Amino acid sequence: MESNLKSPPKLTRRNYSKIIRPIFGLLVFGSILWRLYEVLIAQQAYSAEIWVRLLISGLIIGGVYALIAIGYTLVYGILFMINFAHGEIMMIGTFAGYFLFEATKSINVAAEGSPPLSFSDAYPLISVILAFLVGMTVAATAGFFLEKIAYRPLRKAPRLVPLISAIGASFFLQNAAQLLFSPQVRDYTNPQAIARGSGWSLIINGSRVVITYTGALTFILSILLMIGLYVMVQKTKLGKAMRAVASDKNTAALMGIDVDAIISRTFIISGALAGAAGVMWGLHNGLVHFFVGFLPGIKAFTAAVLGGIGNIPGAMLGGMFLGLIESLGPTALGISYQLKDVIAFVIMIVILIFRPSGILGEVLSEEKV
Amino acid sequence: MLKVTDLNVYYGAIHALKGISFDLQEGEIVTLIGANGAGKSTLLNTISGILHAKVGQVEYLGEDISNEAAQVIVQKGIVHVPEGRKIFAKMTVLENLEMGAYTVSDRQQIQDKMGAMFERFPVLRDRKKQLGGTLSGGEQQMLAMARGLMANPKLLLLDEPSMGLAPVLVEQIFDIIQDINQLGTSVLLVEQNAHMALSIADRAYVLETGNIVLEGDAADVMNDPMVISAYLGG
């Protein structure tokens, strides 16, 4: 029997998620708003200096996240893969900086007969510059070899394969660092001039708020590196070639662009930024161990997704945004500060459900998916 | 100038080109005509180094280039303007042209070349700050050709330059191809618009499912009964 009657709309999976999603969204955002109202307006539980303190720490950690997130986004933009070993590249940079500071600390530059004075305390600026140069170079080199060894042979494989290789590379690097440097947690030896915790004091409402030197350094340097990267990608021949390769590898090759060389350089640049982030992390947070790259790595990945993966300003914005939310969020919601990681990952889940393309990301075309 | 001998190209298990041989002399316009799926684009991709042949060789100016990478072939003077224009959509017109001149390191030469392109394609000058993706189809084709010419090609491979364009634009594009050729660039033109292609070409090859089935002077090919019925709608 033929029938032209349309069957009534079924509750397909698609319809189901269309109904459930807004309800879930309203619940989530509603409860967040209610909580914010309660803490901020009804109770007025915290005073201004606390907010300033949290804001400062959010900006600092946000800068670090942003630098790492750029690495995820650059690589994703060109290879459409998540470089899950990127956090380990940052860890390598942290270690490189650590050993440089250890070395400069051990050199005595005091005149004969005077009390010992280490190179890093006598020339803090030079030591810090050296540490960043070494950290960035070593991490960039690591990134270069990571691509060459773990990803290049799989260039033509299905997309899941390099992803698995990335996770493998991540484990490998963690374990290699554990074997080489032992699992112990070490203290970063900052030059005396930028000892952790020292800084400029502000008095707000009669209480002291410290802007640490290491924090200021981290924030300013990360902003400068981001500006430098942005200008590089927009204006230089290399940057334009990177964009061309990201948009279409075959056509880029037809322009005479050596696609493999551009991919290598992308990993070098990502690695250098992660290395800088690693040295900042060490200087500001003070601890280094083989696992140090994991959490910032995964947070920065969240930041890159938040901003729209593949989009460079998105990664910067996402990093800053995540740093601020993580820092202000627990207090604003009146929950324990320990829950900041939970907030970060809840944000990732919410973004993936409601706007998988991120804040600045566009909807991916079929070809890219 | 270009000599292709017994070229066999596979896509996985699909035998796309089954022993193609043809040649192109300096200064010529040679056209390859054929239906969809005949292997025209595969052939161009193999010459420009995007694909590599399993058997056979591509000889250019007496040198075997069959195994060279695409970027090396561009430096040797073969530039391929791909099917569907393949403009870098999120880069400006100016940046697209700069990418075309990627192999040129002399800044002055790039500037001069760009001036010449704006002369030839005035519409690109008006739109030079615009993103490539915002141009119309005809403008994108102009940009694709200008981008190709930025590298100073000795041999230009054009893949379906008339695709999806209004007849008046097709005329314009073909005039430009003739112009470029008269200035000394040899052209290998792949087309479905057989009539237009044959009218400007010196010689022609007809490609069918991976084989060359007919070759000769463009005028003779245009009068071939098989071509008339199959490609010229006669």
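Residues numbered from 1 in each chain as written. Chains lettered and ligands numbered in written order. Predicted model: local features only at pLDDT ≥ 70, side-chain atom pairs only at ≥ 80, totals over all residues. Heavy atoms only, no water.

## Quick look at the overall build of chain B
- Within chain B, the regular secondary structure consists of 10 helices and 10 strands.
- The C-alpha radius of gyration computed for chain B amounts to 17 Å, which stays within 12% of the reference 17 Å derived for 234 residues, consistent with globular compactness.
- Expressed as lengths along the three principal axes of its C-alpha atoms, the size of chain B is roughly 45 × 40 × 30 Å.
- Expressed as a percentage of contacts within chain B between residues at least 6 apart in sequence, the contacts between residues at least 24 apart total 67%.
- When the accessible area of chain B is evaluated, it comes to approximately 9700 Å², of which 48% is carbon and sulfur surface. (Helix = DSSP H or I, 4+ residues; strand = E, 2+ residues; numbered from the N terminus. Rg over C-alpha atoms; globule rule 2.2 N^0.38 Å. Contact = heavy atoms within 4.5 Å. Areas by Shrake-Rupley, 256 points an atom, 1.4 Å probe, with all protein chains shown as cover.)

## Examining the packing of helix α2 (residues 48–79) of chain A against helix α8 (residues 237–247) of chain A
All names here are of chain A.
- Running from N to C, α2 and α8 point in directions that differ by 50°, and their axes come no closer than 7 Å. With respect to α8, the element α2 is oriented oblique. Where α2 approaches α8, its residues Leu74, Gly77 and Ile78 are matched on the opposing element by Met242, Val245 and Ala246.
- Of the residues that constitute the contact of α2 with α8, the class distribution is 5 nonpolar, 1 polar and no charged. (Axes fitted to C-alpha atoms, helices over the stretch in contact; angles between N-to-C directions. Parallel < 35°, antiparallel > 145°, perpendicular 65-115°, else oblique. Nonpolar A, V, L, I, M, F, W, Y, C, P; charged D, E, K, R; others polar.)

## As for the sheet that holds strand β7 (residues 155–159) of chain B
Residue and element names in this part refer to chain B.
- Overall, mixed pairing links the 6 strands, which are arranged β6-β7-β8-β3-β9-β10 in an open sheet. Strands at the two margins of the open sheet, each flanked by one partner only, are β6 (78–81) and β10 (211–217). Each strand of the sheet is rotated relative to its neighbour by a mean of 15°, with strand direction disregarded.
- When strand β3 (residues 29–33) meets strand β8 (residues 186–191), the two strands line up parallel, connected through 5 bridges. Bridging from a neighbouring strand, threonine 31 pairs with leucine 189 of β8.
- Relative to the sheet, helix α7 (residues 167–182) contacts β3, β7 and β8, its axis offset from that of β8 by approximately 155°. (Pairing = 2+ DSSP bridges.)

## Notes on unusual backbone geometry
Residue and element names in this part refer to chain B.
- Positioned with a positive phi, aspartate 6 is a non-glycine residue whose angle comes to about 50°.
- Note on placement: aspartate 6 falls in strand β1 (residues 2–11).
- Of note in the backbone geometry, threonine 209 takes a positive phi value of approximately 35° without being a glycine.
- Tracing the backbone shows threonine 209 in the loop between β9 (203–208) and β10.
- Exposure remark for threonine 209: the relative accessible area of 54% places this residue in the exposed category. (Buried < 20%, exposed > 50% of the residue type's maximum accessible area, 1.4 Å probe, protein only.)

## Focus on the nonpolar core
- The biggest cluster of nonpolar side chains holds 96 residues, and the ones touching the most others in it are Leu229 and Ile257 of chain A.
- Once residues lying within four places of it in the same chain are set aside, the contact partners of isoleucine 257 of chain A are Ala241, Ala244, Val245, Ala252 and Ile262 of chain A together with Gln71, Met99 and Tyr102 of chain B.
- Core analysis: the next-biggest nonpolar cluster, separate from the first, contains 49 residues, Ile33, Ile87, Leu165 and Val170 of chain B among them. (Core = buried A, V, L, I, M, F, W, Y, C linked by side-chain atoms within 4.5 Å.)

## A closer look at the confidence of the model for chain A
Residues and elements named next belong to chain A.
- Mean pLDDT over chain A works out to 86, with 93% of the residues at or above the 70 mark.
- By mean pLDDT, helix α1 (residues 13–43) is the weakest element of chain A at 76, and helix α10 (residues 259–285) is the strongest at 94.
- Considering only residues more than four positions removed or in separate chains, one finds that residues 365–369, a stretch of pLDDT under 50, has 6 contacts. (pLDDT = per-residue confidence, 0-100.)

## Considering the pairing of β9 of chain B
Residue and element names in this part refer to chain B.
- Counted residue by residue, β9 has 5 buried out of 6 residues, so it is predominantly covered.
- Inspection of the sheet shows β3 paired to β9 by 4 bridges, in the parallel sense. In the strand pairing of β9, threonine 31 is matched with alanine 204.
- Bridge count between β9 and β10: 6 bridges; the pairing is antiparallel. Paired with leucine 207 across the two strands is isoleucine 212, which belongs to β10.
- With antiparallel pairing between neighbouring strands as the criterion, β9 and β10 make up a hairpin whose turn holds 2 residues, including threonine 209 at a positive phi of roughly 35°.

## Things to note about the interface of chain B and chain A
- Contact residues are listed per partner, giving 19 residues for chain B and 20 residues for chain A.
- Here chain B and chain A share 2 salt bridges between them.
- Residue lysine 240 of chain A pairs with glutamate 98 of chain B through a salt bridge whose shortest N-O separation is 2.3 Å.
- Summed over the shared surface of chain B and chain A, the number is 4 residue pairs in polar contact (both at pLDDT 80 or more). (Salt bridge = Lys/Arg side-chain N within 4 Å of Asp/Glu carboxyl O. Polar contact = N/O pair within 3.5 Å; in protein donor to acceptor, adjacent residues only side chain to side chain.)

## Digging into the sheet that holds strand β2 (residues 14–24) of chain B
Residues and elements named next belong to chain B.
- Spatially, 4 strands are ordered β2-β1-β4-β5 in an open sheet, and the strand pairing comes out antiparallel. In this open sheet, the two edge strands, each paired with only one partner strand, are β2 and β5 (63–64).
- Alignment of β1 against β2, held across 8 bridges, turns out to be antiparallel. When the bridges of β2 are listed, tyrosine 11 appears paired with isoleucine 14.

## Topic: the pairing of β8 of chain B
All names here are of chain B.
- Within β8, 6 of the 6 residues are buried, which leaves it mostly tucked inside the rest of the structure.
- As paired elements, β7 and β8 share 5 bridges and run parallel to each other. Residue pairing for β8: leucine 158 is matched across the bridge by leucine 189.
- Crossover handedness for the path β7 to α7 to β8: right-handed. (Right-handed = clockwise from strand over helix to strand, strands pointing away.)

## With respect to the packing of aromatic side chains
All names here are of chain A.
- This model, assessed by the stated rule, comprises 17 aromatic pairs over all chains.
- Ring centres of tyrosine 98 and phenylalanine 99 lie 5.1 Å apart, and the angle between their planes is 70°; on these two criteria the pair is classed as edge-to-face.
- Classification of phenylalanine 99 as partly exposed rests on a relative accessible area of 35%.
- Ring centres of phenylalanine 291 and phenylalanine 294 lie 5.0 Å apart, and the angle between their planes is 15°; this geometry places the pair in the stacked category.
- Linked through ring pairs, Phe95, Tyr98, Phe99, Phe101, Phe181 and Tyr188 together constitute an aromatic cluster. (Phe/Tyr/Trp six-rings, centres within 6.5 Å; stacked < 30°, edge-to-face > 60°.)

## What to know about the environment of alanine 272 of chain A
All names here are of chain A.
- Within the fold, alanine 272 resides in helix α10.
- For alanine 272, a relative accessible area of 15% translates into the label buried.
- C-alpha separation for the pair alanine 272 and methionine 242, spaced 30 residues apart in sequence, amounts to 16 Å.
- Aside from chain neighbours lying at most four places away, what touches alanine 272 is Met136 and Ala140.

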